[in-house]
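# Chains, contacts and geometry: an overview
Here is what each chain is made of, one letter per residue.
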Amino acid sequence: MSRQPYSARDFEGVPALVTGGASGIGAATAALLAERGARVAVLDLDPAGAPPGTLALEADVTDDAAVRAAVDRAAAELGGLQVLVGNAGIGAAGTVEDHDDSEWQRVLDVNLLGIVRTDRAALPHLRRTAARHPGQVSITHTCSIAATAGLPQRALYSASKGAVLSLTLAMAADHVREGIRVNCVNPGTVDTPWVGRLLGRADDPTAERDALEARQPTGRLVGAEEVADAVAYLAGPRASAVTGTALAVDGGMQGLRLRPGPR
Ligand code: NAI
């Protein structure tokens, strides 16, 4: 396969849809794809924060009809779909005993079924593009380190992200022969409005932030732009041989075991 020359505009003209693209990781991803030439639509519950120059579509990923309408509109206005980023998600703090069935269903409805609904609605559009550009069509899910490491007080959230990881692998197998690649990113703790809200609820926000930073071997939170770069790699032309992969963007949190102290 011939090597693509490096280009700052490697998504030129590529129609892309980012869910949860009006804040945090999704907004950074939508902005980066647009900067690199993509035509970008943002699907969000509250699309006011969608980056300038993107098509902002209001939809709740728990509403199948609304998702289908938004995905179809994005494809109609952008001229098809080539890149899908399934990123919308919500948090949940607690042990397995702390939430009743309705809370389990609410979080799984957004974090897991929200991705299922968007992928399902987008696949016919992606398949049409893949017939012309096999291997250049991609779905990238925002998963989490919570899928691969046991974090305290995250039973429900982790279960939702573990399901996203398994879904990613199964979908990668199902769609590889159609020329559609499916991957996910596994961020550590990322400095987004979400984490800001989490800190806002803590008894001592400064101590809580220090603890979150110390948990990552790099000693700092991950930037939303750093996750966006990883998503753009997986979604883009340079990753044409990459499918069924979970790319950790976690400051070393999953893979490293440091000793206490400076060395
Ligand atoms: P955020 O809260 O800054 O942004 C999430 C966006 O999703 C918001 O614009 C929100 O309106 C949208 N959204 C939420 N529920 C929705 C729904 N039902 N339908 C449509 N849109 C909806 O959060 P952040 O931090 O950017 O998180 C994005 C993704 O990254 C989530 O899937 C989250 O689980 C994941 N993640 C976040 C980490 C972090 O530390 N911030 C770490 C690992 C994963």
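Structure first, text after, so check above.
Reference entry: report on the structure contained in this document. (Residues numbered from 1 in each chain as written. Predicted model: local features only at pLDDT ≥ 70, side-chain atom pairs only at ≥ 80, totals over all residues. Heavy atoms only, no water.)

## Observations concerning the packing of helix α3 (residues 101-111) against helix α5 (residues 155-175)
- Viewed as axis vectors pointing N to C, α3 and α5 meet at an angle of 35°, and their least axial separation amounts to 10 Å. As for how α3 packs across α5, the hand of that crossing is right-handed. Of the residues in α5, those touching α3 at Glu103, Trp104, Val107, Leu108 and Asn111 are Ala155, Leu156, Tyr157, Ala159, Ser160, Lys161 and Val164. (Axes fitted to C-alpha atoms, helices over the stretch in contact; angles between N-to-C directions. Helix = DSSP H or I, 4+ residues; strand = E, 2+ residues; numbered from the N terminus. Left-handed = near helix turned anticlockwise from the far one by under 90°. Contact = heavy atoms within 4.5 Å.)

## Here's the deal with the pattern of salt bridges
- Tallied over the full model, the rule gives 11 salt bridges.
- We note a salt bridge from Arg120 to Asp64, for which the minimum N-O separation is 3.2 Å. Of this pair, Arg120 sits in helix α4 (residues 113-132) while Asp64 sits in helix α2 (residues 64-78), and the two are 56 residues apart along the sequence.
- Of the charged contacts in the structure, one is a salt bridge between Arg220 and Glu226, with a shortest N-O distance of 2.9 Å.
- The class of Arg220 is partly exposed, set by a relative accessible area of 40%.
- Among the ionic contacts, a cluster of salt bridges with common partners joins Asp64, Arg68 and Arg120. (Salt bridge = Lys/Arg side-chain N within 4 Å of Asp/Glu carboxyl O. Buried < 20%, exposed > 50% of the residue type's maximum accessible area, 1.4 Å probe, protein only.)

## Some remarks on the sheet that holds strand β9 (residues 246-249)
- As summarised here, the arrangement of the 7 strands in space is β3-β2-β1-β4-β5-β6-β9, forming an open sheet in which the pairing is parallel. Each edge of the open sheet is held by one strand with a lone partner, namely β3 (55-58) and β9. The mean inter-strand angle of the sheet, taken between neighbouring strand axes irrespective of direction, is 20°.
- Where strand β1 (residues 15-19) lies against strand β4 (residues 83-86), 3 bridges are found, and the strand directions are parallel. By the bridge assignment, Val18 is partnered in β4 with Val85.
- Packed on one face of the sheet, helix α1 (residues 24-35) meets β1, β2 (39-44), β4 and β6 (180-187) and runs near 170° to β1.
- Taken strand by strand, helix α8 (residues 224-235) contacts β4, β5 (137-142), β6 and β9, and its axis lies near 165° from that of β6. (Pairing = 2+ DSSP bridges.)

## Observations regarding the site of the ligand
- The ligand sits among 29 residues. The nearest are Ser23, Asp44, Asn87, Tyr157 and Thr192.
- Here a nitrogen atom of the ligand sits 2.9 Å away from a polar atom, N or O, in the side chain of Asp60.
- For the ligand, an oxygen atom lies 2.6 Å from a polar atom in the side chain of Thr192.
- Here the ligand loses 93% of its free accessible area of 830 Å² to cover by the protein chains. (Near = heavy atom within 4 Å. Polar contact = N/O pair within 3.5 Å; in protein donor to acceptor, adjacent residues only side chain to side chain. Areas by Shrake-Rupley, 256 points an atom, 1.4 Å probe, with all protein chains shown as cover.)

## Re the side chain of Arg36
- Examined against the element boundaries, Arg36 turns out to sit in the loop between α1 and β2.
- Of the residues examined, Arg36 reaches a relative accessible area of 18% and is grouped as buried.
- Dropping the residues within four chain positions of it, Arg36 is found in contact with Ala8, Arg9, Asp10, Phe11, Glu12, Asp229 and Ala232.

## Points about unusual backbone geometry
- Within the chain, Gln153 stands out as a residue other than glycine whose phi angle is a positive 65°.
- With relative accessibility at 42%, the residue Gln153 sits in the partly exposed group.

## A look at α5
- Between the first and last C-alpha of α5 there are 30 Å, a value that for 21 residues agrees with the 30 Å anticipated at 1.5 Å per step.
- Looking at α5, one finds that the buried residues are Leu156, Tyr157, Ser158, Ser160, Lys161, Val164, Leu165, Leu167, Thr168, Met171, Ala172 and His175.
- Tucked into the core, α5 has its buried residues touching α3, α4, β5, β6, α6 (193-201) and β9. (Expected span 1.5 Å × (residues − 1).)

## Comments concerning the pairing of β2
- Taking burial as the measure, the 6 residues of β2 include 5 buried ones, the bulk of the element.
- In this structure, β1 lies alongside β2, joined through 5 bridges in parallel fashion. Bridge pairing in β2 links Thr19 to Leu43.
- Taken together, β1, α1 and β2 form a β-α-β motif whose crossover is right-handed.
- Bridge count between β2 and β3: 4 bridges; the pairing is parallel. Bridging across to β3, Asp44 finds its partner in Glu58. (Right-handed = clockwise from strand over helix to strand, strands pointing away.)

## Re the nonpolar core
- Among the nonpolar cores identified, the biggest contains 34 residues, and Leu17, Val71, Leu126, Ile139 and Ile180 are the most heavily contacted of them.
- Counting residues in hydrophobic clusters, the runner-up holds 30 residues, among them Val190, Val222, Ala232 and Val249. (Core = buried A, V, L, I, M, F, W, Y, C linked by side-chain atoms within 4.5 Å.)

## Details of the packing of aromatic side chains
- Tallying each qualifying case throughout the model produces 1 aromatic pair.
- Between Tyr157 and Trp194, the aromatic rings sit 5.8 Å apart at their centres with planes inclined by 65°, giving edge-to-face as the arrangement. Of this pair, Tyr157 sits in helix α5 while Trp194 sits in helix α6; the two residues are 37 residues apart in sequence, bridging distant segments of the chain.
- The aromatic ring of Tyr6 is capped on one face by Arg238, whose charged end is 3.7 Å from the ring centroid. (Phe/Tyr/Trp six-rings, centres within 6.5 Å; stacked < 30°, edge-to-face > 60°. Lys NZ or Arg CZ within 6 Å of the ring centre and 35° of its normal.)

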